[in-house]
Amino acid sequence: MVNTINNNNNMLKPNLSAPIIDAHAHCGIQDQFPSQSFENYYAHVAGTGIQKVVMFSPVMEIYDRYDPNFQDNTEWQLRRKNSNEYLLTVGNRQLTVIPYFFIWNDFAVEQMSSKHKGIKWHRHPGEPSYHYEDPRCQMAIDEIRQRNMPVVFEEEFDNTIRFIHEIAVGVNVIIPHLDLLNGGYDAIERNGIWGSPQVYTDTSLAPRHVVIDYINRYGSERILFGSDFPFGDPKSELSKLFSLRIPGDKKDMVLGQNLERLLAESHHQQ
Ligand SMILES: [Zn+2]
């Protein structure tokens, strides 16, 4: 009803001067549980105003997350390569795809093209480990640092701290979901990590009050709107952002400006 909209609420509306970008969506056609092709995502965002989306592969196209003793092999290497390449082929006039390269233990950064704008690094407790001691790991990080690509980094708490403080110093790290899926929002806060200028986060699946708490403490420059499709619904994740009681210009930053700035800082080769 029109008469319920007061000036205060108008101030909270985003100006939407820049495109809305979903900074976190999974997309692939090899893992069908659940279906998460580009067409599936596109059907979910019709009419939302989302014009760009960061996409990375489903975990089950990269490694077998249900086998802690999983050993890499050529079959999985091919699956991974096809999966990363698929994301270079999708998108349409209404929706631009920003592909991130999902890296695993072969640290195959030579497969990255100039179209890959970021890195996805993912492991939950009990899943096969990244080989941080492998010299190829450090070589891959050197390449990522040189290209100034952001890394969406979701790992156990100790590895997260080590990655930021030791392994990937100077690399921009996006810790997704305000680290709620690894139970770490408060732990990350106690370690002072959220305040680091290299550390970003996204809002996917995070409750409103945590998003507000983060913005109150750390500002609105390093927090990105994300949906975590297909596990989160882009439409409802977006309406969560719209309903936050924060000024409209800050909302614009979260909805896309921050990510545009971050990606503009990276250097693309080839
Ligand atoms: Zn995710």
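Structure first, text after, so check above.
Residues numbered from 1 in each chain as written. Predicted model: local features only at pLDDT ≥ 70, side-chain atom pairs only at ≥ 80, totals over all residues. Heavy atoms only, no water.

Draft legend 1. Representation of the packing of aromatic side chains within the structure. What the rule picks out here adds up to 17 aromatic pairs. Ring geometry for Y41 and F229: centres 5.2 Å apart, planes at 85°, overall edge-to-face. Within this pair, whereas Y41 is found in helix 2 (residues 38-45), its partner F229 is found in the loop between strand 8 (223-224) and helix 8 (234-242), the two being separated by 188 residues in sequence. Judged by centre distance (6.0 Å) and plane angle (10°), the rings of W121 and Y132 are stacked. (Phe/Tyr/Trp six-rings, centres within 6.5 Å; stacked < 30°, edge-to-face > 60°. Helix = DSSP H or I, 4+ residues; strand = E, 2+ residues; numbered from the N terminus.)

Draft legend 2. The arrangement of the pairing of strand 7 (residues 199-202) in detail. Here strand 7 shows no split at all, with V199 and T201 on one side and Y200 and D202 on the other all buried. Pairing geometry for strand 6 (residues 173-175) and strand 7, over 3 bridges, is parallel. Across the sheet, the residue bridging to I174 is Y200, located in strand 7. Summarising the sheet, strand 7 and strand 8 pair through 2 bridges and their orientation is parallel. Considered in strand 8, the bridge of D202 is made with L224. One crossover worth recording links strand 7 to the parallel strand 8 by way of helix 7 (residues 208-218), and it is right-handed. (Buried < 20%, exposed > 50% of the residue type's maximum accessible area, 1.4 Å probe, protein only. Pairing = 2+ DSSP bridges. Right-handed = clockwise from strand over helix to strand, strands pointing away.)

Draft legend 3. View of the environment of L178. Relative to the elements of secondary structure, L178 occurs in the loop between strand 6 and helix 6 (185-190). With a relative accessible area of 0%, L178 lands in the buried category. Considering only alpha carbons, one finds L178 and L205, 27 residues apart in sequence, at a separation of 8.6 Å. If we ignore the near neighbours within four places in the chain, the residues touching L178 are Y185, W194, T201, D202, A206, V210, V211, Y214 and I223. (Contact = heavy atoms within 4.5 Å.)

Draft legend 4. Up close: the coordination of the zinc ion. The zinc ion binds to the protein through H24 (NE2), H26 (NE2) and D228 (OD); the donor distances cover 2.1 to 2.2 Å. Each donor residue of the zinc ion lies on the same chain, and together they follow the pattern H-x1-H-x201-D. Accessibility assignment for this pair places H24 and H26 in one class, buried. (Donors = N, O, S within 2.8 Å, 3.2 Å for Na, K, Ca; no water.)

Draft legend 5. Expanded view of the nonpolar core. By size, the foremost hydrophobic cluster in this structure holds 65 residues, and its most contacted members are Y41, M55, I103, I119, W121 and F163. Within the second largest apolar cluster, 13 residues are counted, among which are A23, F56, V152 and L263. (Core = buried A, V, L, I, M, F, W, Y, C linked by side-chain atoms within 4.5 Å.)

Draft legend 6. Local environment of helix 7. Where helix 7 is concerned, the buried positions are V210, V211, Y214 and I215. Along the long axis of helix 7, the arc covered by the buried residues comes to 135°, so they all point the same way. Along helix 7, exposed side chains directed more than 90 degrees from the buried face belong to H209 and N216. Where helix 7 is buried, its residues contact helix 6, strand 7, strand 8 and helix 9 (248-264). Following helix 7 by one or two positions, G219 adopts a phi angle in the positive range, close to 85°. (Arc of directions from axis to C-beta.)

Draft legend 7. Quick peek at unusual backbone geometry. Residue P34 follows F33 across a cis peptide bond; omega there is 0°. Within the fold, P34 resides in the loop between strand 1 (20-26) and helix 2. Of note, the amide linkage connecting F229 to P230 takes the cis form, showing an omega dihedral of 5°. Counting through the fold element by element, P230 comes out in the loop between strand 8 and helix 8. Of note, the phi angle at N148 is positive, near 55°, even though the residue is not glycine. As for its placement among the helices and strands, N148 is situated in the loop between helix 4 (135-147) and strand 5 (151-154). Even without being a glycine, L205 presents a positive backbone phi close to 65°. Among the secondary structure elements, L205 is positioned in the loop between strand 7 and helix 7. On the basis of relative accessibility, which here comes to 32%, the residue L205 falls in the partly exposed class.

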